[in-house]
Amino acid sequence: MEKLKKIEKKILKRSIEIIEKKLISEGDKILIAFSGGPDSVFLYNFLKFLKSRILIEISLIYVNHNLRIDIGNDLEFVKKFADENNVDYYIQSVDVKKYSIENKKSVELAARELRYKAIEDIRKKIGYNKIATGHNMDDNVETFIFRILRGTSMTGLKGIPEMRKNILRPILGFEKREILYFLKNKNQEYLVDYTNNENNYTRNFIRNEIFPYFERINPDFRKKVESLIMEINERNFAEVEKFENEKNLEKENFKILKENSINKKDKLSFLLKKNNVQISREKINQIFESFFTKNGKLKNSGTKEFYLGENKILQNVYGELKILEITNKNEIRNLKSDKNGILHDKATILKENQSIKWYNYKITLYKNIKDFKKNFVNDENISYTFFKIDDRVENGEFFVRSRKDGDRISLKNLGHKKVKKVLIDEKVPKEERDFVPIVGVKAFRVQNDLESSDNGVKLGNDNRNNSEITEILAISDIKFSKFLEKIQKKEIKKLRNESKSKLLIIGRKNGRER
């Protein structure tokens, strides 16, 4: 049962990822390419679970390729499955053999082209906006190996995309054995296509004959190949080639690289190369597993170290990477570090209905109550504090930054107080104070009684010289200004959707207890 729990946890994690990446959004109408096999049955269950979290509509479509004489069993199963699950279904029939001969294409290619055309025709007819297919990790690895054997460019090695146009592949990260184990333990029936065991087609031969040999060498080879596919997808090869140029390696720092022009792993490799550290893909991956999230974000809670060999240590100190060298005298000295913060995902502007990660915090600004109810996804690993922003703060640019000398916050009934004093009073360790998020707003229009916490400017009816002021709203979840009202999540649910009050959500992960 432990294995089943891991798969269920993976389903939940993938669901949250799909929502956050907006691969599927509220109101989407998704047509599932349904063969009745284990992959499509698992896909249906996955989307059914997702449907319990956000409002989406799903239907099934089965395409009869007219390649087997026992197709009646498939049709009967599809109808039974749809009836039992109370889901709409559609059946289309195509003549693959005829199309293959007329267009001089292989049966595999002909079936694929006709299948997608039939699905797209129905999608348009019923007014749906997306198509979901049951491609899994095994399919992705098969495609990768097939393209290598056939011959392809680097672009061809990117594998199957999780989203192309309106076609979505939600279960691409699940292995076939995970899918089968899940269905077996959930007593879910599915069809078995006996033609998958025949080696008439190249992909079947790869799956049935080649993969067993790979498994002898490494039972987890699929995950290893998938990791390589993901790395290839992350890379911009034109930039990497330029980046690897010896002339670039002689530069002092990261200023030669444009932000987001190459991926984080290349930047990490560059940092290591600058400090004469021998690198390998395995070492880079190990560092990433330790220092980065699966989304490629540099972890910024606490301090972690990774031994690089040759008396060198890579250190992650609250989101800043440093390389230290242990000398013969057991002294540690700093080598060149990521001072420019290229590897640090530091965000400053807090936009409406978007989240930013600041060290071990997740900070979100919602435009109104309705948007919060629609988009907020609770993460059990994060402790949230909810604030309703005073309606007097009507327009402005919200931001998150580190503390500055002279920062003050306007507290309700207490007047102004220095941020430094707040942190001392709250016993925040000195070494942690620069990592505490300061949330504020540059206000462009406020009501008459809003004051500036920085310079004491008070806005009256004459705003000629006060078109912009800066107001600190919160010091993390530690202390908040008079322009915020702390509110419980259950209280938000009671508020009417028509309310235009903005909401500020500060989430803390792995933080100190309060």
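Please read these numbers as outputs of a predicted model, since none were measured by experiment.

### A word on the pairing of strand β1 (residues 29-33)
1) Next: For β1, a buried count of four out of five residues is recorded, marking the element as mostly surrounded by other parts of the structure.
2) Next: Where β1 meets strand β4 (residues 130-132), three bridges bridge the pair, whose relative direction is parallel. Residue pairing in the sheet places Leu 31 in a bridge with Ile 131 of β4.

### Quick notes on the environment of Arg 392
1) Next: Tracing the backbone through its elements, the reader meets Arg 392 in the loop between β13 (382-389) and β14 (393-401).
2) Next: By relative accessible area, Arg 392 is classed as partly exposed at 21%.
3) Next: C-alpha separation for the pair Arg 392 and Phe 483, spaced 91 residues apart in sequence, amounts to 7.9 Å.

### Brief notes about the sheet that holds strand β11 (residues 354-358)
1) Next: Spatially, the five strands line up as an open sheet ordered β11-β12-β21-β13-β20, and their pairing is antiparallel. Every other strand in the sheet has two partners, leaving β11 and β20 (484-487) as the edge strands with one partner each. Direction aside, the axes of adjacent strands within the sheet are offset by 25° on average.
2) Next: Strand direction decides the pairing type here: β13 and β20, joined by four bridges, are antiparallel. Across the sheet, residue Ile 389 finds its bridge partner in β20, namely Leu 484.

### So, the packing of aromatic side chains
1) Next: Within this structure, the stated rule accounts for 17 aromatic pairs.
2) Next: Look at Phe 34 and Phe 81: their rings are 4.9 Å apart centre to centre, the planes differ by 35°, and that puts the pair in the tilted class. With Phe 34 in the loop between β1 and α2 (38-51) and Phe 81 in helix α3 (residues 71-84), this pair connects stretches of sequence that are 47 residues apart.
3) Next: Judged by its relative accessible area of 3%, Phe 34 falls in the buried class.
4) Next: Ring centres 5.1 Å apart and planes at 75° place the aromatic pair Phe 376 and Tyr 384 in the edge-to-face group. Each of the two residues, Phe 376 as well as Tyr 384, counts as buried.
5) Next: Chaining the aromatic ring pairs together yields one cluster made of Tyr 366, Phe 372, Phe 376, Tyr 384 and Phe 386.
6) Next: Over the ring of Tyr 181 we find Lys 3; its NZ or CZ atom is 4.4 Å from the centre of that ring.

### Concerning the nonpolar core
1) Next: If you look at the biggest cluster of nonpolar residues, it comprises 38 residues, and the most contacted ones within it are Ile 24, Ile 32, Phe 34, Phe 42, Leu 47, Leu 50 and Leu 60.
2) Next: Those elements that provide at least two residues to this core are α1 (2-20), β1, α2, β2 (57-64), α3 and α7 (176-185).
3) Next: Apart from the residues lying within four places of it in its own chain, the contact partners of Ile 24 are Ile 18, Ile 19, Ile 30, Leu 47, Leu 50, Ile 54, Ile 56, Lys 130 and Leu 168.
4) Next: In terms of nonpolar packing, the next biggest core, distinct from the first, is built from 19 residues, Ile 363, Val 439, Leu 484 and Ile 506 among them.

### Section: the packing of α1 against α2
1) Next: Two numbers describe how α1 lies on α2: the axes approach to 10 Å, and their chain directions differ by 65°. Note that α1 runs across α2; the crossing there is right-handed. Here Ile 11, Leu 12, Arg 14, Ser 15, Ile 18 and Ile 19 of α1 lie close against α2, whose contacting residues are Phe 42, Phe 46, Phe 49 and Leu 50.

### Quick notes on the packing of α2 against α7
Any two packed helices are characterised by the angle at which their axes cross and by the distance between the axes.
1) Next: Where α2 contacts α7, the two axes come as close as 10 Å, and the packing angle between them is 70°. Relative to α7, the element α2 is oriented roughly perpendicular. In the packing of α2 onto α7, the handedness of the crossing is left-handed. Each of Pro 38, Asp 39, Val 41, Phe 42 and Asn 45 in α2 lies in contact with α7, whose residues at this interface are Lys 176, Ile 179, Leu 180, Phe 182 and Leu 183.

### Remarks on unusual backbone geometry
A negative phi angle characterises most non-glycine residues, just as the trans form characterises most peptide bonds.
1) Next: Even without glycine at this site, Asn 66 takes up a positive phi of about 55°.
2) Next: One can find Asn 66 in the loop between β2 and α3.
3) Next: Backbone geometry at Lys 427 places phi at a positive 60°, although glycine is not the residue there.
4) Next: Relative to the elements of secondary structure, Lys 427 occurs in the loop between α15 (419-425) and β17 (438-446).

Conventions and cut-offs
- Residues numbered from 1 in each chain as written.
- Predicted model: local features only at pLDDT ≥ 70, side-chain atom pairs only at ≥ 80, totals over all residues.
- Heavy atoms only, no water.
- Buried < 20%, exposed > 50% of the residue type's maximum accessible area, 1.4 Å probe, protein only.
- Helix = DSSP H or I, 4+ residues; strand = E, 2+ residues; numbered from the N terminus.
- Pairing = 2+ DSSP bridges.
- Axes fitted to C-alpha atoms, helices over the stretch in contact; angles between N-to-C directions.
- Phe/Tyr/Trp six-rings, centres within 6.5 Å; stacked < 30°, edge-to-face > 60°.
- Lys NZ or Arg CZ within 6 Å of the ring centre and 35° of its normal.
- Core = buried A, V, L, I, M, F, W, Y, C linked by side-chain atoms within 4.5 Å.
- Contact = heavy atoms within 4.5 Å.
- Left-handed = near helix turned anticlockwise from the far one by under 90°.
- Parallel < 35°, antiparallel > 145°, perpendicular 65-115°, else oblique.

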